[in-house]
Structures are given as structure tokens and as C-alpha cells.
Amino acid sequence: MSLKSVNDILGILALETQREQQPFQQLLKYWPEVVGTKVALQTRPLSIQRDVLSVATASAAWAQNLTFQRQSLLLKLNTKLPQPLVNIRFSTAEWKRSPLLIPQEQTLSPQDHPSYLGENMFMSPVKNSRESANIAFENWARMKQERSQYLSLCPQCQCPTPAGELQHWGVCSPCRAKLINQGIADS
Ligand SMILES: [Zn+2]
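Nothing here was measured: the structure is a model prediction, and the numbers come from that model. (Residues numbered from 1 in each chain as written. Predicted model: local features only at pLDDT ≥ 70, side-chain atom pairs only at ≥ 80, totals over all residues. Heavy atoms only, no water.)

Enquirer: Would you mind going over the sheet that holds strand 1 (residues 43–49) with me for this structure?
Expert: In sheet architecture, strand pairing relies on hydrogen bonds along the backbone and comes in two forms, parallel and antiparallel. As summarised here, the arrangement of the 3 strands in space is 1-2-3, forming an open sheet in which the pairing is mixed. The strands lining the two open edges of the sheet, one partner per strand, are strand 1 and strand 3 (87–91). Direction aside, neighbouring strands of the sheet carry axes that sit 25° apart on average. One ladder, built from 6 bridges, connects strand 1 with strand 2 (residues 52–57); its direction is antiparallel. The residue bridging Pro45 from the neighbouring strand is Val55, located in strand 2. Against the sheet, helix 4 (residues 70–78) engages strand 2 and strand 3, with an angle of about 125° to strand 3. (Pairing = 2+ DSSP bridges. Helix = DSSP H or I, 4+ residues; strand = E, 2+ residues; numbered from the N terminus. Axes fitted to C-alpha atoms, helices over the stretch in contact; angles between N-to-C directions. Contact = heavy atoms within 4.5 Å.)

Enquirer: Just checking my understanding: could you explain the pairing of strand 3 for this structure?
Expert: Side-chain positions along a regular strand alternate between the two faces of the sheet. The side-chain alternation of strand 3 yields one buried face, formed by Ile88 and Phe90, and one unburied face, formed by Asn87, Arg89 and Ser91. One ladder, built from 5 bridges, connects strand 2 with strand 3; its direction is parallel. From the neighbouring strand, Ser54 faces strand 3, where its bridge partner is Arg89. (Buried < 20%, exposed > 50% of the residue type's maximum accessible area, 1.4 Å probe, protein only.)

Enquirer: Could you clarify how one ought to interpret unusual backbone geometry in this entry?
Expert: Trans peptide bonds make up most of the peptide bonds, and negative phi angles are found at most residues other than glycine. Look at Arg50: it is not a glycine, yet its phi comes out positive at around 50°. Its place among the elements puts Arg50 in the loop between strand 1 and strand 2. Under the relative-accessibility criterion, Arg50 is labelled exposed at 81%. The backbone phi angle of Gln158 is positive, close to 65°, even though this residue is not glycine.

Enquirer: I tried to follow the environment of Pro162 on my own but got confused; where do I start?
Expert: Along the chain, the position of Pro162 falls in the loop between strand 5 (160–161) and helix 6 (163–169). For Pro162, a relative accessible area of 11% puts it in the buried group.

Enquirer: I keep staring at the coordination of the zinc ion and nothing clicks. Help me out?
Expert: Angles between donor atoms at a metal ideally measure 109.5 degrees for a four-coordinate tetrahedral arrangement and either 90 or 180 degrees for a six-coordinate octahedral one. Taken together, Cys154 (SG), Cys157 (SG), Cys172 (SG) and Cys175 (SG) make up the protein donors of the zinc ion, found 2.2 to 2.3 Å from the metal. Metal-centred angles of 104 to 112° between the 4 donor atoms at the zinc ion mark the site as tetrahedral. (Donors = N, O, S within 2.8 Å, 3.2 Å for Na, K, Ca; no water. Tetrahedral: all angles 85-135°; square planar, octahedral: opposite > 155°, others 65-115°.)

Enquirer: For this particular structure, what's the right way to read helix 4?
Expert: Working note: α-helix, 3.6 residues per turn, so residues spaced by three or four point in the same direction. When helix 4 is considered as a whole, its buried residues turn out to be Leu73, Leu74 and Leu77. Here the buried residues of helix 4 occupy an arc of 100° about the axis, which is enough to place them on one side. Helix 4 presents Gln71 and Leu75 as exposed residues on the side facing more than 90 degrees away from its buried surface. (Arc of directions from axis to C-beta.)

Enquirer: Would you explain the pattern of salt bridges in this entry?
Expert: This structure, assessed with the given rule, holds 1 salt bridge. The salt bridge partner of Glu33 is Lys80, with a shortest N-O separation of 2.9 Å. Remark: Lys80 occurs in the loop between helix 4 and strand 3 and Glu33 occurs in helix 1 (residues 3–35); sequence separation between them is 47 residues. For Glu33, a relative accessible area of 52% puts it in the exposed group. Note on Lys80: relative accessible area 30%, which makes it partly exposed. (Salt bridge = Lys/Arg side-chain N within 4 Å of Asp/Glu carboxyl O.)

Enquirer: When you look at the nonpolar core in this model, what are you seeing that I'm missing?
Expert: Within soluble globular proteins, side chains that are nonpolar generally end up buried alongside one another. Of all hydrophobic cores here, the largest spans 20 residues; its most connected members are Leu53, Leu77, Ile88 and Phe90. Secondary structure elements with two or more residues in this core: helix 1, helix 2 (37–42), strand 2, helix 3 (60–68), helix 4 and strand 3. Looking at which element gives the most residues to this core, the answer is helix 1, with 6 residues. With residues up to four places along the chain from it excluded, the contact list for Leu53 reads Phe24, Leu27, Trp31, Pro45, Ser47, Ile48, Leu77, Leu85, Asn87, Ile88 and Arg89. (Core = buried A, V, L, I, M, F, W, Y, C linked by side-chain atoms within 4.5 Å.)

Enquirer: Please clarify how the packing of aromatic side chains should be interpreted in this entry.
Expert: Here a ring pair, both rings aromatic, is described through the centre-centre distance and the interplanar angle of the planes. Per the counting criterion, the structure on display carries 0 aromatic pairs. Between the NZ or CZ atom of Arg44 and the centre of the ring of Trp95, over which it lies, the distance is 3.5 Å. (Phe/Tyr/Trp six-rings, centres within 6.5 Å; stacked < 30°, edge-to-face > 60°. Lys NZ or Arg CZ within 6 Å of the ring centre and 35° of its normal.)

Now the structure itself:
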């Protein structure tokens, strides 16, 4: 078999795979647009088999809700898809295994943030009681003051700044935001 005919066959195979995937790929493209971002985050289209679309949902309530809206979703989707769907099945079964359609923002733990000051800084030193409201405020004000005393100063604006911010950026976060706005620092 010549190299050319191998390439021809590979070309045909690639085309066929493309054709098979196309309806589903197109559906993935239109899904968030048709259902809206809010619903798109709670759903993940899984496959199209015999013109029936399978969609994983984050919860049984979503599956139920969307099953009620199935007809209107079908109408909207079918105006966009080359091959009309006959039904949509919603189920929570595959939710955990299916990949995210819309990448969610990475969650950053507080400890990882440069502005993090440590656990103790956020704990009020006063117990909750009605008469201690004033004391609570005084303590809070004192704590804030004490906190700012041992924080380093931002070289730009001389404000007390968490060490993490200075370490990361050399300035406090408001100053950094200004620098980014001025195009001096990268976000
Ligand atoms: Zn500053």
C-alpha cells in the first residue's frame, strides 16, 4: 500500500469521526446559550444517542425542573442543530464523572491569598452578649489598631499592609491595583 493511499484512508477516517462528533460538538456549543449560564453550570450534556440527548444534572431537583422544560428546550435546540433531537434525558447519575462544560473559577483558599493575616486575626476576642456591645467595639477597634501596628507599611502609600502582599507585590493591594490600572504591573 502506498503512502498516499494510507494518507487517503486516514483522511477519510478523520472526516468520518468529525461527522459523527459534529452534532454533539455543536450541541455543546449551543447548550449554554439555549439554557442560560445559570442552568449550564448545573448541567453537562453527555452524549447524543439515536437523537436522544443525555444530560447530567447537579441535583435531582434540576433534573426534574429541566424535564418539565424539555419541550421548549428541544424547540430551541432544534432550530440550531443540523439534526433535530427527539428527546432529552436528565439524570444526576453521570454528574460526578462528566467533565465541566463551563470551567468554574478556581477556588482559592483564604490561606493562599496574599492578604491572609492568619486565623487569629479574624476571631473576635469578646464573647457575644448584649451588654458587651460597646466593649466589643472597643476591643475590635483596639485589635485593629494593634494589628496595624505590627503590619509593615506599604512603601508606596505608607498604609499598614499584610506581609504577604508586600512579599508578593512589594506594595499593598490598593497600590497594586493602581499600578495595574496604569499598566505598570501585570495582573
Ligand atoms: Zn499602598
